[in-house]
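Each chain, written out:
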Amino acid sequence: MSAACLVSLRFADGVEQRVDVAAGHGVLEAALAAGAPVLNQCRSGSCGSCMARLVGGDARMRPGVASSLLPSEQAQGQRLLCLTEAVSDCAFEFAYDSRAGAGGPAKASAFIDTIERIAPDAVRLKLELAEGDWIDFRPGQFVELTVPGTDARRRYSMASSPAALPVIELLVRLLPGGVMSDYLRDRARVDDVIALTGPYGGFFLRDKVKAPHIMIAGGTGLAPMMSMLDAIRARPGARPNVLLSFGCATPEGLFNLDELDLRSHWMPGLATRISVDSGAAGAAWRIGNPVAAITADDARDPASVAYLCGPPGMVRAAREHLEGLGLDPANIHAEQFVASE
Amino acid sequence: MNEAVPPQRRKSRGRLNTISGTRTNDQKTQSQYQPYKDAAWGFINHWYPALFSHEMPEDHVEGIQICGIPIVLRRVDGRIHALKDQCVHRGVRLSAKPMCFNKQTISCWYHGFTYDLQTGGLTTIVGNPDDKLIGTTGITTYPVQEIAGMIFVFVREDAFPDEDVPPLAEDLPVRFPQNSERFPHPLWPPGPGLLDENAMVLGMHRTGDCNWRIACENGFDNAHILVHQDNTIVQAMNWVLPLGIRPASDDCITLIEDENGPKGLMQWLFTDRWEPVLENKELGAKVEGLNGRFYRTSVVLPGVLMVENWPEEHIVQYEWYVPITDDTYEYWEVLVKVCPTEEERQKFKYRYERVFKPLCLHGFNDCDLYAREAMHEFYADGTGWDDEQLVATDVSPITWRKVASRYNRGIAPPGKGVDGATKSSSIRLRRIAAGDAPGYLVKKIED
């Protein structure tokens, strides 16, 4: 019956692009075919990279397909464009500018510089991009690595800032029987070559925001926060205050505390709060979870922005908690990671 | 990525630090001041002195370089304008051959690209007034403040927003008597400051050939008093200097870190927190009849030294070590005195010309200048920062490095496309061969 719907894509820098989307076709697919700079990665409703907000008209997520979008997010108009079909002419707004998705992911090879066990279940992996290779990224974004000797791919957020390129630092959580974990534990050697692609993800530090930043990180979800902290430190102009709440399951599982101490020294506006779920009390941490560590007092400024990264349960709880404290849902940016074997 | 060619390691590799944990400045301490170690080209987004007011008469155009950024200054109707001295077209320095058609603009003398003095916007091109580029681009402007005969410029990154520019007072030393309770000075009257009413500034600036950090650390390094023993001013005034000054307690230095104020450190000299060393038995060296000159040194970002009660009462000496490149700095030494009457101004000027300039700014400070240059090669390739063996008296530079790492507003990237970015450019070599050392002011084209 009906011909195509006219879909308007509006980026944060004012750039607007209109694409025709045939009935029954995905918005993302049509947008990419028309060359629109929409961030995306998995194209299957899980990674959240292609999220946009419906601001006019009608568009629905494909029914019966599992997605990582929360019902509350959908109610606020959020859509994952890879699973979204236009019902009428409609308009979407993106939280990032049109340059963010331009160019798309690149392929690169990288050499392992160091492999450092920083906790019983965490490894700091430092890579150096090979001669002639380059991957630009925004602090908070991730890359996809092919585990050497396998076809398996794994995604990790950069813990280093773009200023550190060609060196890339990743924080890898070791899982029993995990493909990457086994590689790092058993076979990885300095100077090994790893193939990677990227950058991916709509979870990245927004420019020019002066309101207080609240960061909540669980486990290796600390990685994108480290990248963002280093980028904020180098930002020209007034820098926002940052409150970073970082939690692990046990005191033994904590890592990067020296690195956080250094950032605290370098950044007068940074406060850190370290939590462990259980275990012995210590001078440097409290017993509890990193979400509850954020109190109403921390969110007094209603313009505060938040960055969340950790397991899905933590991200969900953190979002609810912060919305309850009065943060604008549009100012809460989140990345959740799912363990894969 | 080409499948046929195996990935290659990058050709230039980072250097690995190997630092002994037993040093005063061990690995952990050094990490705390890593940003300072990275600041070879200076701290950007700070206020720096650019020129004396008398160097910029009405309608004069001059070019300077600070933190690797070329800056052109022009005075119009009394007001100084400062813009990036690099045409967007082909990178020519506007100041090399000043061309100004009116009071609102400055033009590039090569192809006529013309910029608005207030906004830096490209308003026209002399011989190409309809070009599409006009109105779409421009050069960065730098906020200017002129005070007590000195022109200060806020040297910033292109993206630094106007509304975030702090007042000049945040980059100047603490003032007295406002801070007399906090930093008591029973041995001398409250010193004057640049921002005081009727402050008179006399001094000079010249180019030094070393990294700005080496120069800056010399000013408040209490262990270097040894180099000044034989200076004429010291002998003429019968001052007796100790062999050295040692920290005697852990509160010998107080950090200055007020919100919306200067950031740096104050040293409690001539209190029991610092101990003069009068004898070295091993060497049979002994100082008798100590007739010290009471003074006190402090330093604030971006590297401003204040010597209170120096060289005599009611006078303060300020110094700046303005980075030009990573191996040259503009050394500013000025004396400040409050002189409400013309008679006092004349008296200060006379004493400056006859005593202070030859014996202090030259005599005494010349000694510092060559001492800094003597350290430069050790630090020039970066290894000195790892290899230096600091001792207890170096608490002053170490504290400065940490506080500067915490409160700087940005680390200047290495200069690109500017004088000194390429050390062996042919023009540089030609000028050196002609006896014209690398310096601070633009070399103007003569025709």
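Residues numbered from 1 in each chain as written. Chains lettered and ligands numbered in written order. Predicted model: local features only at pLDDT ≥ 70, side-chain atom pairs only at ≥ 80, totals over all residues. Heavy atoms only, no water.

Caption draft 1: View of the overall build of chain A. What chain A contains, in helices and strands, is six helices and 19 strands. Taking 341 residues into account, the globule formula puts the C-alpha radius of gyration at 20 Å, and chain A, at 20 Å, falls close to it. Its C-alpha atoms give chain A principal-axis dimensions of about 65 × 50 × 40 Å. Taking all contacts inside chain A whose residues are at least 6 apart in sequence as the whole, residues at least 24 apart take part in 67%. As presented, chain A carries roughly 14,100 Å² of accessible surface, and 50% of it is formed by carbon and sulfur atoms. (Helix = DSSP H or I, 4+ residues; strand = E, 2+ residues; numbered from the N terminus. Rg over C-alpha atoms; globule rule 2.2 N^0.38 Å. Contact = heavy atoms within 4.5 Å. Areas by Shrake-Rupley, 256 points an atom, 1.4 Å probe, with all protein chains shown as cover.)

Caption draft 2: Molecular detail of the overall build of chain B. Each helix and strand counted, chain B has eight helices and 20 strands in total. Taken over the C-alpha trace, chain B has a radius of gyration of 24 Å; the compact-globule value for 447 residues is 22 Å, and the two agree within 12%. Principal-axis analysis of the C-alpha atoms gives chain B an extent of 80 × 75 × 45 Å. Counting only residues that meet the buried cut, chain B has 51% of its 447 residues in that class. (Buried < 20%, exposed > 50% of the residue type's maximum accessible area, 1.4 Å probe, protein only.)

Caption draft 3: Seen up close, the packing of aromatic side chains. Summed over all chains, the structure comprises 30 aromatic pairs over all chains. Centre to centre, the rings of Phe 246 of chain A and Phe 255 of chain A are 5.3 Å apart; their planes meet at 70°, and the pair counts as edge-to-face. One exposure class covers both Phe 246 of chain A and Phe 255 of chain A, and it is buried. Aromatic ring contacts, followed pair by pair, group Tyr 36, Phe 43, Trp 212, Phe 220, Phe 378, Tyr 379, Trp 385 and Trp 400 of chain B into a single cluster. (Phe/Tyr/Trp six-rings, centres within 6.5 Å; stacked < 30°, edge-to-face > 60°.)

Caption draft 4: Local environment of the sheet that holds strand 11 (residues 153-157) of chain A. Residues and elements named next belong to chain A. An order of 11-10-13-8-9-12 is seen for the six strands of this open sheet, with the pairing classed as antiparallel. The sheet terminates laterally at strand 11 and strand 12 (167-173), the two strands that pair on one side only. On average, adjacent strands in this sheet sit at an angle of 40° to one another, irrespective of strand direction. (Pairing = 2+ DSSP bridges. Axes fitted to C-alpha atoms, helices over the stretch in contact; angles between N-to-C directions.)

Caption draft 5: Here's a closer look at the environment of Asp 164 of chain B. Relative to the helices and strands, Asp 164 of chain B resides in the loop between strand 9 (150-155) and strand 10 (199-208). Residue classification places Asp 164 of chain B among the buried residues on the basis of a relative accessible area of 16%. Taking C-alpha positions, Asp 164 of chain B is 9.8 Å from Asn 45 of chain B, a pair spaced 119 residues apart along the chain. In contact with Asp 164 of chain B, not counting residues within four places along its chain, are Lys 210, Gly 237 and Ala 238 of chain A.

Caption draft 6: Structural context of the packing of helix 4 (residues 222-233) of chain A against helix 5 (residues 257-266) of chain A. Residues and elements named next belong to chain A. Two elements in contact, helix 4 and helix 5, have axes whose closest approach is 11 Å; the angle formed by their N-to-C orientations is 25°. Classed by the angle they form, the pair helix 4 and helix 5 counts as roughly parallel. Classified by chirality, the crossing of helix 5 by helix 4 is left-handed. Counting all contacts with helix 4, which are made through Leu 222, Met 226, Leu 229, Asp 230 and Arg 233, the residues of helix 5 involved are Glu 259, Leu 260, Arg 263 and Trp 266. (Parallel < 35°, antiparallel > 145°, perpendicular 65-115°, else oblique. Left-handed = near helix turned anticlockwise from the far one by under 90°.)

Caption draft 7: Just empty space enclosed by the protein, in detail. Residues and elements named next belong to chain B. Here the structure, examined in full by the defined rule, presents two cavities of 30 Å³ or more. By volume, the largest cavity is sized at about 280 Å³. The wall of the largest cavity is formed by 22 residues, among which Gly 219, His 224, His 228, Tyr 295 and Phe 364 lie closest to the centre. If you tally residues by element for the lining of the largest cavity, the top one is helix 5 (residues 342-380), at three residues. Taken together, the residues of the lining of the largest cavity break down into eleven nonpolar, eight polar and three charged. Taken as a whole, the second largest cavity holds about 60 Å³ of empty space. Asp 419, Arg 428, Arg 431, Ile 432, Asp 436, Ala 437, Pro 438, Gly 439 and Lys 443 are the residues that line the second largest cavity. (1 Å grid on protein atoms, 1.4 Å probe; cavity = no way out; pocket = protein on both sides within 12 Å on 5 of 7 lines; lining within 4 Å. Points joined across faces, edges and corners; volume = space filled by probe spheres on them. Nonpolar A, V, L, I, M, F, W, Y, C, P; charged D, E, K, R; others polar.)

Caption draft 8: Layout of the domain arrangement of chain B. Residues and elements named next belong to chain B. Entries for chain B in the domain assignment read domain 1 (46-159 + 426-447) and domain 2 (168-407). The straight-line distance from the C-alpha centre of domain 1 to that of domain 2 is 32 Å. Contact with domain 1, which involves 21 residues of that partner, is made by 22 residues of domain 2. Taken together, the connections running from domain 1 to domain 2 amount to zero salt bridges. The greatest single-element share of the side of domain 1 that touches domain 2, amounting to seven residues, is contributed by strand 1 (residues 46-52). By residue class, the composition of the side of domain 1 that touches domain 2 is 14 nonpolar, five polar and two charged. (Domains from an automatic or database assignment. Salt bridge = Lys/Arg side-chain N within 4 Å of Asp/Glu carboxyl O.)

Caption draft 9: Quick peek at the pairing of strand 8 (residues 144-147) of chain B. Across four bridges, strand 8 of chain B lies against strand 9 of chain B in antiparallel orientation. Bridging from a neighbouring strand, Ile 147 of chain B pairs with Met 150 of chain B of strand 9 of chain B.

Caption draft 10: Structural context of the interface of chain B and chain A. The interface is formed by 27 residues belonging to chain B together with 27 residues belonging to chain A. Scanning the region where chain B abuts chain A turns up five salt bridges. Arg 9 of chain B is the salt-bridge partner of Asp 191 of chain A, the closest N and O atoms lying 2.6 Å from each other. Our count for the chain B to chain A interface comes out at 17 residue pairs in polar contact (both at pLDDT 80 or more). Top element by residues in the side of chain B that touches chain A is helix 7 (residues 395-407) of chain B. It accounts for four residues. Of the residues assigned to the side of chain B that touches chain A, the class counts are eight nonpolar, nine polar and ten charged. (Polar contact = N/O pair within 3.5 Å; in protein donor to acceptor, adjacent residues only side chain to side chain.)

Caption draft 11: Quick peek at the pattern of salt bridges. A full pass over the atoms with the stated rule returns 47 salt bridges over all chains. Close ionic contact of Asp 297 of chain A with Arg 300 of chain A constitutes a salt bridge, the shortest N to O distance being 3.6 Å. Linked through salt bridges whose partners overlap, the residues forming this network are Asp 113, Glu 128 and Asp 191 of chain A together with Arg 9 of chain B.

Caption draft 12: Structural view of a nonpolar patch on the surface. Together, Leu 187, Phe 270 and Phe 294 of chain B make up an exposed nonpolar region whose accessible area comes to about 230 Å². Along the chain, the position of Phe 270 of chain B falls in the loop between strand 13 (263-267) and strand 14 (274-277). (Patch = residues over 30% accessible without salt bridge, like charges linked within 9 Å, V, L, I, M, F, W, Y side chains within 5 Å.)

Caption draft 13: Quick look at the pairing of strand 10 of chain B. Residues and elements named next belong to chain B. Of all ten residues making up strand 10, eight are buried, and the element is well covered by its neighbours. In this sheet, strand 20 (residues 329-338) lies alongside strand 10 in antiparallel orientation, the contact comprising ten bridges. Pairing of Gly 208 across the sheet is with Tyr 329, part of strand 20.

Caption draft 14: Representation of the nonpolar core. If you look at the biggest cluster of nonpolar residues, it comprises 100 residues, and the most contacted ones within it are Ile 71, Leu 73, Leu 194, Trp 320 and Trp 400 of chain B. Residue contributions to this core reach at least three from each of two domains, namely domain 1 (46-159 + 426-447) and domain 2 (168-407) of chain B. Each residue touching Ile 71 of chain B, except ones within four places of it in the same chain, is listed here: Glu 62, Gly 63, Ile 64, Ile 66, Ala 82, Leu 83, Asp 85, Arg 93, Tyr 142, Val 153 and Val 155 of chain B. With 32 residues, the next largest nonpolar core counts Phe 203, Phe 246, Leu 254 and Phe 255 of chain A among its residues. (Core = buried A, V, L, I, M, F, W, Y, C linked by side-chain atoms within 4.5 Å.)

Caption draft 15: Region of the structure containing the environment of Ala 66 of chain A. Along the chain, Ala 66 of chain A falls in the loop between strand 4 (59-61) and helix 2 (71-75). Sequence-wise, Ala 66 of chain A and Glu 259 of chain A are 193 residues apart; in three dimensions their C-alpha atoms are separated by 38 Å.

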